[in-house]
Amino acid sequence: MTNSDSDQPISPSLRWVDENHQACLDGLLDYLRIPSVSTDPAYGDEVARCSRYLDDELRRIGLESRIVETEGHPLVVAERIKSPELPTVLFYGHYDVQPPDPLELWTSPPFEPRVEDGKIFARGATDDKGQSWAHVKAVEAILATAGDLPVNVRFLVEGEEESGGEAIEHFVRASAEELRSDCVVISDSSMYAPGQPSLLYGLKGLLYMEMLVTGPDRDLHSGSYGGALTNPLNALAQIVGALRDPRTGKVLIPGFYDDVRDLEAWEREQFAALPFDEKDYCDSIGISETFGEEGFTTLERVWARPTCDVNGIWGGYQGAGAKTVIAAHGGAKVSMRLVPDQDPKVLAKAFEAYVRDVAPVGVDVAVSVHSDALPVRFDVEGPFMDAAQEALKQVWGRPAVKVREGGSIPIVQTFSEVLDVPVLLIGFGLSDDCLHAPNEKFGVENFYQGIRTTVRLLELMGEQAGAGQS
Ligand code: BES
Ligand code: ZN
């Protein structure tokens, strides 16, 4: 064990992880070589190939695995059911990745994984191939050493998490009985700090909108026509500017905060007790100071307060030099990260009505929804949460902190609603892993620790079940 100072019992399966370091890593590197970019149809065959690679591996380690074709990208569904008496753990992950662009900012090609300074650099290294592969290797470690698993396991790994696909949603709703499990385990997030194990108990939801502002029927000379009409780009700026109060940071869409569940006192206390340095935070992302909703700390804003951000904006002349023109149209993509109990369907209507309300005369505004996801927040208690806490403590040598997250994993809410079981969100990445950005990485040691944590989690769940039976 690397954590020689921890009180962790060294089981044969943990020893197997140490003895099979290179093989565990090699399998992941091959997985990372497959450019499974789900949003771009040009990569369709590669996404399918990636599902086959995972399916083969799950079968090779001793699970029954199959590929489920969908209207979108395939799902990989596997299981090893030992006994109906035992608890069943469902591992969720995603084998698709974000597009690698902009390619020129990568130090080495995104789909030619490079291991350097103890880190694996590749698209998908942390999000989510590396983390999800840790689950696979943990199951392999136990099967290879004990011959069987202490609990039943299932895997459900999707290929369109990054592109907002709905195949998994339909599958989970249609196959609730087949997927019946006692808890879901997901590693698709980050730890609070290096070496600090973390249990997530909340994820934000999402409402992603697009608006197109249209004015004259063609581009116009800005001298000949300027002053005579509403410039669509000025109108766009006006609308975008009306989304938030620049002084208080509050979102100005009427009703936006109506269903927001307040932070509880214990959460504010626990967030405040976490080591957090504003200056370091600013330095880590190259800004001079933070800004957000008044009355809340940075962690509270990111984890537990809803936001509204422009994610893209376009229109008019973008080339070199100056072109005197009033563009015929322009647009913006706006994402709102939501918290319980906000409902994206309700807010989509409120957004559209507000945008129309604040739009100046003389332009048309078309508003559409790209994707949405419901927010989640769980109680971090019960035997499975206890097992997770214990596994994290044993492997990392210190207790996990309970944290929330600003990101979204859309299927989590469906798991919680349809399967109605605890969802353990145990991430092994770090916030500077550059997910969705150039030079995405995953610490090699985080990968191995992820395998060890998953091994211990399964073993502890088995022990708990055994104790319950005796
Ligand atoms: N792994 C992330 C979610 C995440 C990011 C969790 C950071 C914790 C910390 C996931 O793959 C992701 O990127 N989700 C998207 C969902 C969206 C496309 C619906 C997100 O949050 O933008
Ligand atoms: Zn992602």
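As a reminder, the structure under discussion sits directly above these lines.
The following refers to the structure shown. Residue positions are given per chain, counting from 1 as you read along its sequence in written order. Chains and ligands are labelled sequentially in the order written, the chains with letters from A and the ligands with numbers from 1. Since the coordinates come from a predicted model, pLDDT governs what is reported: local features require at least 70, and pairs of side-chain atoms require 80 or more to be given and counted, while whole-chain, interface and lining totals use all residues. Hydrogens and waters are ignored; side-chain quantities use all the structure's heavy atoms.

**Focus: the sheet that holds strand 13 (residues 329-338)**
Then comes step 1: Strand pairing follows a simple DSSP-based rule, namely that at least 2 bridges must link the two strands. Put simply, DSSP H or I for four residues or longer makes a helix, DSSP E for two residues or longer makes a strand, and each gets a number counted from the N terminus. Strand order in the open sheet formed by four strands is 11-13-9-14, and the pairing between neighbours is antiparallel. This sheet does not close on itself; its edge strands, each paired only once, are strand 11 (307-315) and strand 14 (364-373). Averaged over all pairs of adjacent strands, the angle between strand axes in this sheet comes to 15°, irrespective of strand direction.
Then comes step 2: Relative to the sheet, helix 6 (residues 232-241) contacts strand 9 (205-214), strand 11, strand 13 and strand 14, its axis offset from that of strand 9 by approximately 155°.
Then comes step 3: Its contacts with the sheet place helix 10 (residues 344-358) against strand 9, strand 13 and strand 14, and it is angled at close to 160° to strand 14. Axes, fitted as lines to C-alpha atoms, cover a helix only where it is in contact. Angles between the N-to-C directions of the axes lie from 0 to 180 degrees. Here, two residues are considered to be in contact whenever any of their heavy atoms come within 4.5 Å of each other.

**Overview of the coordination of the zinc ion (ligand 2)**
Octahedral metals with six donors have ideal donor angles of 90 or 180 degrees. Tetrahedral metals with four donors have an ideal donor angle of 109.5 degrees.
Then comes step 1: Around the zinc ion (ligand 2), the protein contributes the donor atoms Asp-127 (OD), Glu-162 (OE), Glu-162 (OE) and His-436 (NE2), which lie 2.0 to 2.7 Å from the metal centre.
Then comes step 2: Coordination at the zinc ion (ligand 2) comes from six donor atoms whose angles at the metal span 53 to 155°, giving a geometry best classed as irregular.
Then comes step 3: For Na, K and Ca the donor cut-off is 3.2 Å, while for other metals it is 2.8 Å, and in both cases only N, O and S atoms qualify; water is not among them, so sites may look incomplete. When the donors of the zinc ion (ligand 2) are listed by position in the chain, the intervening gaps give D-x34-E-x273-H. Residue Glu-162 is located in the loop between strand 6 (152-158) and helix 5 (167-174), and its partner His-436 is located in the loop between strand 17 (423-425) and strand 18 (441-443); the two are separated by 274 residues in the primary sequence. Any site counts as irregular unless it has four donors with all angles between 85 and 135 degrees, making it tetrahedral, or four or six donors with opposite ones more than 155 degrees apart and the rest between 65 and 115, making it square planar or octahedral.

**Here's the deal with helix 1 (residues 12-19)**
Then comes step 1: Burial here depends on accessible area, computed with a 1.4 Å probe over protein chains only, as a share of the maximum for the residue type. Under 20% is buried, over 50% is exposed, and the range in between is partly exposed. Turning to helix 1, its buried residues number three or more, namely Ser-13, Leu-14, Trp-16 and Val-17. Buried residues of helix 1, viewed axially, fall in a sector of 150°; they line one side. In helix 1, the exposed residues that point more than 90 degrees away from the buried face are Pro-12 and Glu-19. It is the directions from the helix axis to the C-beta atoms that the arc portrays.

**Some details on the packing of helix 5 against helix 12 (residues 411-419)**
Then comes step 1: For the pair helix 5 and helix 12, the least separation of the axes is 10 Å and the interaxial angle reads 5°. Between helix 5 and helix 12, the interaxial angle falls into the category roughly parallel. Each of Ile-168, Glu-169, Val-172 and Arg-173 in helix 5 lies in contact with helix 12, whose residues at this interface are Ile-411, Thr-414, Phe-415, Glu-417 and Val-418.
Then comes step 2: Residues that form the contact of helix 5 with helix 12 fall into these classes: five nonpolar, one polar and three charged. An angle below 35 degrees is read as roughly parallel, one above 145 as roughly antiparallel, one from 65 to 115 as roughly perpendicular, and any other as oblique. By the convention adopted, Pro, Cys, Tyr, Trp, Phe, Met, Ile, Leu, Val and Ala count as nonpolar, Lys, Arg, Asp and Glu as charged, and the other residues, Gly among them, as polar.

**Here we look at the nonpolar core**
Then comes step 1: We call a set of buried Ala, Val, Leu, Ile, Met, Phe, Trp, Tyr and Cys residues a nonpolar core when their side-chain atoms join them within 4.5 Å. Core analysis: the biggest nonpolar cluster contains 100 residues, and Leu-156, Phe-415, Leu-424 and Phe-447 have the highest contact counts within it.
Then comes step 2: Leave out the neighbours within four places in its chain, and Phe-447 touches Cys-24, Leu-25, Leu-28, Gly-130, Trp-133, Ala-134, Lys-137 and Phe-442.
Then comes step 3: The next biggest cluster of nonpolar side chains, apart from the first, holds 28 residues, and it includes Phe-256, Ala-332, Phe-351 and Val-367.

**As for the pairing of strand 9**
Then comes step 1: Counting buried residues in strand 9 gives eight out of 10 residues, a clear majority hidden from the surface.
Then comes step 2: Across 10 bridges, the pairing between strand 9 and strand 13 is antiparallel. Looking at strand 13, one finds that Tyr-208 is bridged to Ser-335.
Then comes step 3: In terms of strand pairing, strand 9 meets strand 14 through nine bridges, oriented antiparallel. Looking at the pairing, Leu-206 lines up with Ala-373 of strand 14.

**Brief notes about the packing of aromatic side chains**
Two descriptors summarise a pair of aromatic rings, namely the distance from one centre to the other and the angle between the planes of the rings.
Then comes step 1: Classification of ring pairs uses Phe, Tyr and Trp, with its six-membered ring standing for Trp, and accepts pairs whose centres are within 6.5 Å; under 30 degrees between planes counts as stacked, over 60 as edge-to-face, and the remaining range as tilted. The full count for this structure, using the stated rule, is 13 aromatic pairs.
Then comes step 2: Ring centres of Tyr-31 and Trp-133 lie 4.8 Å apart, and the angle between their planes is 40°; on these two criteria the pair is classed as tilted. Residue Tyr-31 is located in helix 2 (residues 21-32), and its partner Trp-133 is located in helix 4 (residues 125-146); the two are separated by 102 residues in the primary sequence. Just as Tyr-31 is buried, Trp-133 falls in that class too.
Then comes step 3: Note on Phe-256 and Tyr-257: the rings are 5.2 Å apart at their centroids and 85° apart in plane angle, and the pair reads as edge-to-face.
Then comes step 4: Since its relative accessible area comes to 1%, Phe-256 is described here as buried.
Then comes step 5: Arg-114 extends its terminal NZ or CZ atom over the ring of Phe-121, reaching a point 4.5 Å from the ring centre.
Then comes step 6: Our definition puts a charge over a ring when NZ of Lys or CZ of Arg is within 6 Å of the ring centre and also within 35 degrees of the ring normal. Of note, Lys-250 hangs over the ring of Tyr-257, and the distance from its end group to the ring centre comes to 5.2 Å.

**Details of the packing of helix 2 against helix 3 (residues 44-60)**
Then comes step 1: Their axes nearest at 10 Å, the elements helix 2 and helix 3 cross at an angle of 160°. The orientation of helix 2 relative to helix 3 falls into the category roughly antiparallel. Both helix 2 and helix 3 take part in a crossing whose hand is right-handed. Between helix 2 and helix 3, the residues in contact are Gly-27, Asp-30 and Tyr-31 and Cys-50, Tyr-53 and Leu-54, respectively.
Then comes step 2: Its residues placed into classes, the contact of helix 2 with helix 3 shows four nonpolar, one polar and one charged. Throughout, a crossing is termed right-handed when the near helix is turned clockwise from the far one, and left-handed when it is turned anticlockwise from it by less than a right angle.

**Considering the site of ligand 1**
Then comes step 1: We call a residue near a molecule or strand as soon as one heavy atom of that residue lies within 4 Å of the molecule or strand. Lining the immediate surroundings of ligand 1 are 15 residues, of which Glu-161, Asp-188, Arg-337, Ser-408 and His-436 lie closest.
Then comes step 2: For the purposes of these results, a polar contact is taken to be a pair of N or O atoms within 3.5 Å, where, inside protein, one atom must be able to donate a hydrogen and its partner to accept one; residues adjacent in sequence count only when each atom of the pair is a side-chain atom. Contact between ligand 1 and His-94: an oxygen atom at 3.2 Å from a side-chain N or O atom of the residue.
Then comes step 3: Computed with the Shrake-Rupley method and a 1.4 Å probe, the accessible areas treat only the protein chains shown as cover for residues. Alone, ligand 1 offers 510 Å² of accessible surface; in the complex the protein occludes 88% of this.
Then comes step 4: Tallied by class, residues from the shell around ligand 1 come to four nonpolar, five polar and six charged.

**Section: the pairing of strand 3 (residues 88-94)**
Then comes step 1: With respect to burial, strand 3 is a largely interior element, seven of its seven residues being buried.
Then comes step 2: Side chains Thr-88, Leu-90, Tyr-92 and His-94 project from strand 3 onto one buried face, and the interleaved Val-89, Phe-91 and Gly-93 project onto a second face that is buried too.
Then comes step 3: One ladder, built from seven bridges, connects strand 3 with strand 6; its direction is parallel. In the sheet register, Leu-90 faces strand 6, and the bridge partner there is Arg-154.

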